[in-house]
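What follows is the residue order along each chain.
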There are 2 protein chains.
Amino acid sequence: MTDTLIDRRDLTFQLYEVLDTEALVQRDRFQEHSKDTFDAVIETADKMARETFANHNSAADKDEPRFVDGKVEMLPEVKQAFDAYAQAGFIASRHDYELGGMQLPESVMAACNGFFTAANPSTAGYPFLTTAAANLIRVFGDASQRSRYLPHMLSGRFSGTMALTEPHAGSSLADIRTSATPTEQGHYLIKGAKIFISGGDQSITENIVHMVLAKIKGAPAGVKGISLFVVPKFRVDANGNSGDHNGVSLAGLIHKLGYRGTTSTALSFGDDAPCHGYLVGEPHQGLKYMFQMMNEARIGVGLGAAVIGYRGYMHSLDYARDRLQGRKPSEKNPESAQVPIIEHADVRRMLLAQKAYSEGGLALCLYGARLMDDLHTHPDAAKRQEAGKLLDLLTPVIKAWPSEYGPKANDLAIQVYGGAGYTREYPVEQCWRDNRLNPIHEGTNGIQALDLLGRKLWQDQSHGLQILLQEMQVDLKAATGERGQNWALSLSETLQQAVKVTQTLGKSLMSGDPDPVLANASCYLHLFGNIIVAWMWLRQANAASLGLVSASNDEERNFYNGKLQAAQYFFHWELPTVAQDLVLLRNQDDTCLNMKKEWF
Amino acid sequence: MTDTLIDRRDLTFQLYEVLDTEALVQRDRFQEHSKDTFDAVIETADKMARETFANHNSAADKDEPRFVDGKVEMLPEVKQAFDAYAQAGFIASRHDYELGGMQLPESVMAACNGFFTAANPSTAGYPFLTTAAANLIRVFGDASQRSRYLPHMLSGRFSGTMALTEPHAGSSLADIRTSATPTEQGHYLIKGAKIFISGGDQSITENIVHMVLAKIKGAPAGVKGISLFVVPKFRVDANGNSGDHNGVSLAGLIHKLGYRGTTSTALSFGDDAPCHGYLVGEPHQGLKYMFQMMNEARIGVGLGAAVIGYRGYMHSLDYARDRLQGRKPSEKNPESAQVPIIEHADVRRMLLAQKAYSEGGLALCLYGARLMDDLHTHPDAAKRQEAGKLLDLLTPVIKAWPSEYGPKANDLAIQVYGGAGYTREYPVEQCWRDNRLNPIHEGTNGIQALDLLGRKLWQDQSHGLQILLQEMQVDLKAATGERGQNWALSLSETLQQAVKVTQTLGKSLMSGDPDPVLANASCYLHLFGNIIVAWMWLRQANAASLGLVSASNDEERNFYNGKLQAAQYFFHWELPTVAQDLVLLRNQDDTCLNMKKEWF
C-alpha cells in the first residue's frame, strides 16, 4: 500500500510551473520567504501528514468518538496530531509574524493542508476549524476579543467551531431561532440548539470557542437579523484562563457515514446554565461576516474533496501496477502469464479519469488560493480588486466541482480494486465515504448552483465574468502544438456558446420570474464548472508542453506526457459532456420545474 | 419514514400495462394461475419483506456476522427471515409442482424478489444463492445429486453458494487453481482456496451446498479445463441426512463496506480433512454450466441494484414532502413560511432522476425476466429461440445499467436529505453502501462491456441485435401524441447512429487487432445501455398515454402524468449523454489505449 498522499512532482509542477508561486516572494509580505522556505514547509507538512495523521486515519474511522457521561471519548492520536500541527505553527501559519505566524501565502498553505486532509480528513478538521474561527475573530472581533482568544487558538490551546445550523435551519440560515438577549454587563445570553456542529465537543483542547449565529431579540426577519457571537465552552478571563462552564452542553453525537473521526455534535446553549455570548462586530451583520470567510471555507471543502480523490487515485494506481489479472483481448494463449491490471485499457480509463479529476481539482483549488493571495497581497490595487471579483465568481465552482468529481474518483478507485475495493481491509472505501460529505456541507452543491447563477455572475455588472474571460484568453492564446491548439479551439468554442446562453439567462432573470431560470441552476453549474476545469487542464497542458521541450530525462518526459494525456482525456471525455447542458439551458428546459409533487 | 419498498401502483403498471403478464396464464405451464394468484403472491412477498426482512436490515448492518471459534455468529432474525421465505415456498416457487414448486413465472418472481432485496439485500442473499445453486443441480446434476440435495435446498433445510473466485483469480476465472483429484469411489478430492464466497458459512441452515469450480488434474489450460462440483459442508447420505465434516473450513470473514449481513467468506477446501466433491455433468464443462445460469444471476444483480435505488427514492421522496426548508427564489418575504423541499426545482430534479433510474431499471429487469419466461414457456419454438437470443444480448445491460444508475439514485437520495442523509440515523446511506457492490460482483461492469462489445453483439450473425431492432420498431411506431412522437424520433435517430457505429466497430473487430476497439467497450456499454433504457421509458410512456385516456380519477391521472414526466426527463436529460459516446466510438478514441503506465 502506497503512503503517497499527493504526488510531490505534481505539486511542484502546479505551484511553480503553472502558478509561478515563487514570484510571490517579491511581495512585501513574503519577502523573507524563498522557494526553499516554501519547499521546507511543504516537506514538513507531507512528512507530518504521513507520520502523525495518516497513522490513525483508519483507526479513528473504526473506533469513532463516543459520548460517555456527557463527554466525548476519542483516540489519543487525534490530540497528538492536533498538537503537532499547532506546535509546528500551522494554525498560525498565515498570520503576521507578531501574532506568532509565518506569513505564508495561501497557495503554499493550501498545498500543506492538502497533505493533512489527504492523510486524515477527520483529524485535520479540528485544526482547520480552529483556523477559520480564529480568522473570524482576527478580522471582525474587537481588541478584547482578539487578545482573549486569538493567541490561545493560534497556539492550539483552544479550538474553534462554526455553529450555524439548527435542526430546522440548514440551507436556510434565515430561519435560525437561537436567541441572544442583551444584559447590562455587555454580554448576551444565548439560548438555542445547534446541530451538525463539527468539533463541537472533543477531548483535545482545554477550551472550545464557538462562533455562533443567533438573533438578537427584536432583530429584523430573515438573514438581515442574524448576529455573530463568540461563545466559549468555558468562560475565559482577561489573561486567557478558562474558568466556569458557560452553559454550552453536548446533547449528543451524530453518527456519520464517513468523516467519523470528526465529532458532529448537537449542542444546546443556555439550557443547564446561563450561556454568555459576546457580540462580534455590529449587530445583524453576522451572516455578512460569515460570508466574508466563506470563500476560504469553500476552497477548503473543494481542496479536501480533490485531495481525498487524489489519495484514492494514488492507492488504486499502486494496486493496478501490482495486481495480476487476466490478459489483453488479443492474447489468446491461456497459459501466458497474467498481466498487471494497469495493462487493461479500461483500467487505464479509470485511472486517467481519477488523474483528471484529482489533479484538475487540485489545480482549481490552488488557483483559488492564489487568487486569495493576490486579493490580499498583490502590489497593484486594481489587481487586488480583480482577484477578489474573480474569486467571488469562482468560489461556487471551487467548492462544487471537486466535491462532485473527487467522490467520482473514489468510486473509480473502488472499481479498480474490484471486490477488494469493497472491503474495509483496503483503504479506498473510506476515502469514498469520507468524500461523500463534501457535496453537502458548506452549502450543498445545489446552493452553490443558485449562488453562481442567481448572484455571482451578475455582481458588479458581471465584472468578475469579464475578468475571467480575459484570463482565459491568455491561456487560450498560449496553447502550442497541434493537440494543444485543438484543445484551445474546442474550449474556446464551448466558451462562446456558454457566454451566449449566459447572456440569455441573464436577460430572463432580470426581466421576470427567477424560478424558471434558476430551476436549471445545477445544470448551469455543471456547464460552467467543466469549462473552468478544462481551462485548468489547458493551463497545465501549456506548462507541460513547455516542460517537455527542456526535459532532460525519461522520468521528466514521462511526467509531462502523463499531464498531456490527462489533458487529452479531459478534452475528449469530459468537456463534451457540457453539450447537453447547453441544449437544456438554451431551451430553458422545464421538465423539473413543471413536475408536480402529486405526480411522484 | 416510509415503509414502501416498491410502489405497488408502479409494479402493477409495469407487470400488467407494459408487459401484459396476465397473458402468461394462457400458457400450459401457468394454466392454474391467474392475475389473482400472481397478485396474491406479490402481496405476500411485499408483506413478508416489510415485516420479516426490513425489520433487521439496519441491525444486521450495524451488527454484522462475527467469526468466533471458527464459526459464524449472526442475528437470529436472519434465520427467521430465511425460514419464512422458504416456508412460504419462495425458494421453490419457479419449480415444478412435483418438486413442491408453484410454477410461477420468472417475471412474477422477479417482482417478488424485488421486495425482498429492497427490504434487506443482505438477508435476501441467502435464499437467492440457494435458489441459484439448486437450479444448477436441477439442470445439470444427475439423478442421485438431484434427489440428495434438491428437495432439502428447495425446502430451506440446506442453503447453497457459488464458489468461483480465488485470491488470484476473480475476473479471470481461467486462472483458478483449485484442484479435483479423481478417486476410485467416484468422488473427487477437492483442494484449494476460495474467497469472497457469499453465504460460504452462516448459522442459518443445517448444511451448505457449495457449487465449486475446480480443475481436474491434467485438464486443458484456461476456461476449457474448468469443471463444476457439488461440495457439501457436511457429507449427505442418500436419505438427505447430513453427516461428517467434509473438509470445507472457514478461513475468515471479509469485512465489507455494505451488504454486511451477508457473510463474505474465505473458504479452504481439503485443508483439515479430505474434501469430497461430486462432478456435475461432464468434466471441463463447468464454466459453460455456470454461464447458462449467468443470465439469471445477472438479472438478479441488476434487479437488486434497481430496487435498492428504488427504496432510496421512496425514502427521499417521503422526506422531501415533509422537510420544510427555505423558499422559492421568487419569494422575497423572509417571514413567509418555509416550504417542503419538494417545492424546490432542484430537489424535484433529484427526485425525477431517481424515479427515472429506479423505475427504468426495474422496467429493464422485468423485461429481462419476461424474456426468460418466453425462452422457457413461449408456445412458439421460434419465439422461444428469439427470446433467448435477445436475452443473451441484453444481459450485460440488464446487469450493468441498473448497477451504474441505482447507486446514482442512492447518491441523489443522500443529497435530498442533505446533512441528515450523511448520518447513519437515516436509512439512505446504507442503501448507497449496499448498492456499491453491484457494479463489482457477477462480473464487473468492465467485464460486462467486453462481453457485450466483444461477443454478444456478434453471436449468431448478430441475430440478437436484429431481433432487438425489430422489437424496438414496434414501440417506436406505437408512440402517440406530440411528446411521445418526439421521443420516438430522438430515440430512433440515436439508434440509427448507434447501429452505424456498431457496424464500423464490428468490421474493425473482425478484421484486425481487437485491443483498440475493445479499449472503449465501457463507452459502448454506456451508449447501448442508455438506448435500451430510453426504449424502456418509451414503452412506459406508450402505456401511460393509453392509461391516461381512460383514467377515471385524479390519482390515476397523477400516476400516468408522473410516468410521462419521468419519460420526458429521461429523453431530455439522460439519453442525450450518449452523443459523446458516439463521437468517441466513431473516432475510435485512443486516449486510454495509448496512455502508458510510465506516464501515470
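So, how was this worked out
Residues numbered from 1 in each chain as written. Chains lettered and ligands numbered in written order. Predicted model: local features only at pLDDT ≥ 70, side-chain atom pairs only at ≥ 80, totals over all residues. Heavy atoms only, no water. UniProt positions renumbered as here; feature names shortened; annotations may be inferred. Contact = heavy atoms within 4.5 Å. Buried area = accessible area lost by both parts, 1.4 Å probe. Salt bridge = Lys/Arg side-chain N within 4 Å of Asp/Glu carboxyl O. Polar contact = N/O pair within 3.5 Å; in protein donor to acceptor, adjacent residues only side chain to side chain. Phe/Tyr/Trp six-rings, centres within 6.5 Å; stacked < 30°, edge-to-face > 60°. Helix = DSSP H or I, 4+ residues; strand = E, 2+ residues; numbered from the N terminus. Buried < 20%, exposed > 50% of the residue type's maximum accessible area, 1.4 Å probe, protein only. Least-squares fit on C-alpha atoms with pLDDT ≥ 70 in both. Axes fitted to C-alpha atoms, helices over the stretch in contact; angles between N-to-C directions. Parallel < 35°, antiparallel > 145°, perpendicular 65-115°, else oblique. Left-handed = near helix turned anticlockwise from the far one by under 90°. Nonpolar A, V, L, I, M, F, W, Y, C, P; charged D, E, K, R; others polar. Disulfide = S-S within 2.5 Å. Expected span 1.5 Å × (residues − 1). pLDDT = per-residue confidence, 0-100. Pairing = 2+ DSSP bridges. Core = buried A, V, L, I, M, F, W, Y, C linked by side-chain atoms within 4.5 Å.

- Chain A appears in an unreviewed UniProt entry as Butyryl-CoA dehydrogenase from Marinobacter mobilis.
- Under the Cofactor (unreviewed entry) heading, UniProt states for chain A: "FAD".
- Database annotation for chain A, UniProt heading Sequence similarities (unreviewed entry): "Belongs to the acyl-CoA dehydrogenase family."

**What to know about the interface of chain A and chain B**
Right, on to step 1. The interface is formed by 95 residues belonging to chain A together with 95 residues belonging to chain B.
Right, on to step 2. Regarding the contact of chain A and chain B, the summed buried area is about 8,000 Å², with carbon and sulfur atoms giving 57% of it.
Right, on to step 3. Interface area lost by chain A to chain B is led by Tyr422(A), Trp573(A) and Phe600(A), which between them contribute 12%.
Right, on to step 4. Linking chain A to chain B there are eight salt bridges.
Right, on to step 5. With a shortest N-O distance of 2.9 Å, Glu343(A) and Lys597(B) are connected by a salt bridge.
Right, on to step 6. Linking chain A with chain B are 66 residue pairs in polar contact (both at pLDDT 80 or more).

**Quick look at the packing of aromatic side chains**
Residue and element names in this part refer to chain B.
Right, on to step 1. Per the stated rule, a full pass over the model turns up 47 aromatic pairs over all chains.
Right, on to step 2. Ring geometry for tyrosine 85 against phenylalanine 116: centres 4.8 Å apart, planes inclined by 75°, an arrangement best described as edge-to-face. Pair noted here: tyrosine 85 is in helix α4 (residues 76-87) and phenylalanine 116 is in helix α5 (residues 106-119), with a separation of 31 residues, a long-range link. The same class applies to tyrosine 85 and to phenylalanine 116, which are both buried.

**Things to note about the UniProt feature "domain: Acyl-CoA dehydrogenase/oxidase C-terminal" (unreviewed entry) in chain A**
Right, on to step 1. Mapped onto the present numbering, the UniProt feature "domain: Acyl-CoA dehydrogenase/oxidase C-terminal" (unreviewed entry) falls at residues 285-451 of chain A.
Right, on to step 2. Annotation note: span residues 285-451 of chain A, helix share 73%, strand share 0%, distance between end C-alpha atoms 19 Å.

**A few points about the side chain of Asp346(B)**
Right, on to step 1. Along the chain, Asp346(B) falls in helix α9 (residues 345-377).
Right, on to step 2. Residue classification places Asp346(B) among the buried positions, given a relative accessible area of 17%.
Right, on to step 3. In terms of polar contacts, Asp346(B) uses its side chain to reach the side chain of Ser522(A), at 2.7 Å.
Right, on to step 4. Each residue touching Asp346(B), except ones within four places of it in the same chain, is listed here: Gly446(A) and Ser522(A).

**Some words on the UniProt feature "domain: Acyl-CoA dehydrogenase/oxidase N-terminal" (unreviewed entry) in chain A**
Right, on to step 1. Mapped onto this structure's residue numbering, the UniProt feature "domain: Acyl-CoA dehydrogenase/oxidase N-terminal" (unreviewed entry) falls at residues 40-156 of chain A.
Right, on to step 2. As annotated, residues 40-156 of chain A comprises 67% helix and 5% strand, and the C-alpha atoms at either end are separated by 22 Å.

**With respect to the environment of Leu468(B)**
All names here are of chain B.
Right, on to step 1. Position of leucine 468 relative to the elements: it lies in helix α13 (residues 459-478).
Right, on to step 2. Distance in space between the C-alpha atoms of leucine 468 and leucine 390 is 6.4 Å, their sequence separation being 78 residues.
Right, on to step 3. Among residues more than four places away in sequence, those in contact with leucine 468 are Leu390, Leu393, Leu394, Phe528, Ile532 and Trp535.

**Here's the deal with the relation of the copies chain A and chain B**
Right, on to step 1. Rotating chain A by 180° about the axis while translating it 0.0 Å along that axis superimposes it on chain B, leaving an RMSD of 0.0 Å. Both copies are brought into coincidence by an operation consistent with a two-fold rotation axis. Residues of chain A ranked by C-alpha distance from the rotation axis are headed by Thr577(A), positioned 3.4 Å from it.

**Structural notes on the packing of helix α8 (residues 286-322) of chain B against α9(B)**
All names here are of chain B.
Right, on to step 1. Contact geometry of α8 with α9 gives a least axis separation of 8 Å together with a crossing angle of 150°. Here α8 is positioned roughly antiparallel relative to α9, judged by the angle of their axes. Like other packed secondary-structure pairs, α8 and α9 cross with a definite hand, here left-handed.
Right, on to step 2. Within the contact of α8 with α9, the residues separate by chemical class into 14 nonpolar, eight polar and three charged.

**Some points on unusual backbone geometry**
Residues and elements named next belong to chain B.
Right, on to step 1. With a phi close to 50°, aspartate 20 is a non-glycine residue in the positive phi region.
Right, on to step 2. Counting through the fold element by element, aspartate 20 comes out in the loop between α1 (8-18) and α2 (35-53).
Right, on to step 3. Of note in this structure, histidine 284 is not a glycine but carries a positive phi near 65°.
Right, on to step 4. With respect to the helices and strands, histidine 284 occurs in the loop between β12 (276-279) and α8.
Right, on to step 5. Taking the relative accessible area as the measure of exposure, histidine 284 reaches 28% and is therefore partly exposed.

**Section: the pattern of salt bridges**
Right, on to step 1. Using the criterion set out here, one finds 70 salt bridges over all chains in the structure.
Right, on to step 2. The closest approach of N and O atoms between Asp39(B) and Lys35(B), which form a salt bridge, is 3.0 Å. Taken together, the residues span about one helical turn, with Asp39(B) and Lys35(B) both in helix α2 at a distance of four residues.
Right, on to step 3. On the basis of relative accessible area, Lys35(B) is assigned to the partly exposed category, the value being 27%.
Right, on to step 4. Glu51(B) is the salt-bridge partner of Lys47(B), the closest N and O atoms lying 3.5 Å from each other. Residue Lys47(B) and its partner Glu51(B) are located together in helix α2, separated by four residues, close to a single helical turn.
Right, on to step 5. Given the relative accessible area of 45%, Glu51(B) is considered partly exposed.
Right, on to step 6. Through salt bridges with shared partners, one network takes in Asp3(A), Arg8(A), Glu43(A), Asp46(A) and Arg50(A).

**Some points on the packing of α13(B) against helix α16 (residues 521-550) of chain B**
Residue and element names in this part refer to chain B.
Right, on to step 1. Across the interface, α13 lies against α16 with an axial gap of 9 Å and an inter-helix angle of 35°. The crossing of α13 and α16 is left-handed. Mapping the contact onto sequence places Leu465, Leu468, Glu471, Met472, Asp475, Leu476 and Ala478 in α13 and Phe528, Ile531, Ile532, Trp535, Leu538, Arg539 and Asn542 in α16.
Right, on to step 2. Taken together, the residues of the contact of α13 with α16 sort by class into ten nonpolar, one polar and three charged.

**A short note on the state of the cysteines**
Residues and elements named next belong to chain B.
Right, on to step 1. By the definition in use, this model includes zero disulfides over all chains.
Right, on to step 2. As a non-bridged cysteine, cysteine 523 has cysteine 592 as the owner of its nearest cysteine sulfur, 8.9 Å distant.
Right, on to step 3. Among the residues examined, cysteine 523 registers a relative accessible area of 3% and is labelled buried.
Right, on to step 4. In this structure cysteine 592 comes out as buried when scored by relative accessible area, which is 0%.

**Considerations on helix α6 (residues 121-140) of chain B**
Right, on to step 1. Taking 1.5 Å of rise per residue, the 20 residues of α6(B) would be expected to cover 28 Å, and the 28 Å separating its terminal C-alpha atoms lies within 8% of that figure.
Right, on to step 2. Taking burial as the measure, the 20 residues of α6(B) include 17 buried ones, the bulk of the element.

**Points about the side chain of Ser107(B)**
Right, on to step 1. For Ser107(B), the position within the fold is in helix α5.
Right, on to step 2. Ser107(B) has contacts with Leu15(B), Thr21(B), Leu24(B), Leu366(B), Ala369(B), Arg370(B) and Asp373(B), leaving out every residue within four places of it along the chain.

**Some remarks on the confidence of the model for chain A**
Right, on to step 1. Averaged over every residue, the pLDDT of chain A is 97; residues scoring 70 or more account for 100%.
Right, on to step 2. For this predicted complex, the interface confidence reaches an ipTM of 0.98, while the overall pTM sits at 0.98.

**A word on the pairing of strand β9 (residues 242-245) of chain B**
Residue and element names in this part refer to chain B.
Right, on to step 1. Looking at chain direction, strand β8 (residues 234-236) and β9 are connected through two bridges and run antiparallel. Counterpart to phenylalanine 234 in the pairing with β9 is histidine 245.
Right, on to step 2. Between β8 and β9, which pair antiparallel one after the other, the connecting turn spans five residues, and glycine 240 there sits at a positive phi close to 85°.

**What about the nonpolar core?**
Right, on to step 1. Residues Met211(A), Phe528(A), Met211(B) and Phe528(B) are the most contacted members of the largest nonpolar core, which totals 395 residues.
Right, on to step 2. Apart from residues no more than four positions distant in its own chain, Phe528(A) is found in contact with Leu393(A), Leu394(A), Val397(A), Leu452(A), Leu457(A), Leu465(A) and Leu468(A).

**Considering the pairing of strand β4 (residues 179-182) of chain B**
The side chains of a regular strand alternate, first on one face of the sheet and then on the other.
All names here are of chain B.
Right, on to step 1. Bridge analysis of β4 against strand β5 (residues 188-198) gives four bridges, and the strand direction is antiparallel. Paired with serine 179 across the strands is lysine 191, a residue of β5.
Right, on to step 2. Here β4 folds back onto β5 in antiparallel fashion, the turn holding five residues, of which glycine 186 has a positive phi close to 105°.

**A closer look at the environment of Lys224(B)**
Right, on to step 1. For Lys224(B), the position within the fold is in the loop between β6 (207-216) and β7 (227-232).
Right, on to step 2. Taking C-alpha positions, Lys224(B) is 8.5 Å from Gly286(B), a pair spaced 62 residues apart along the chain.

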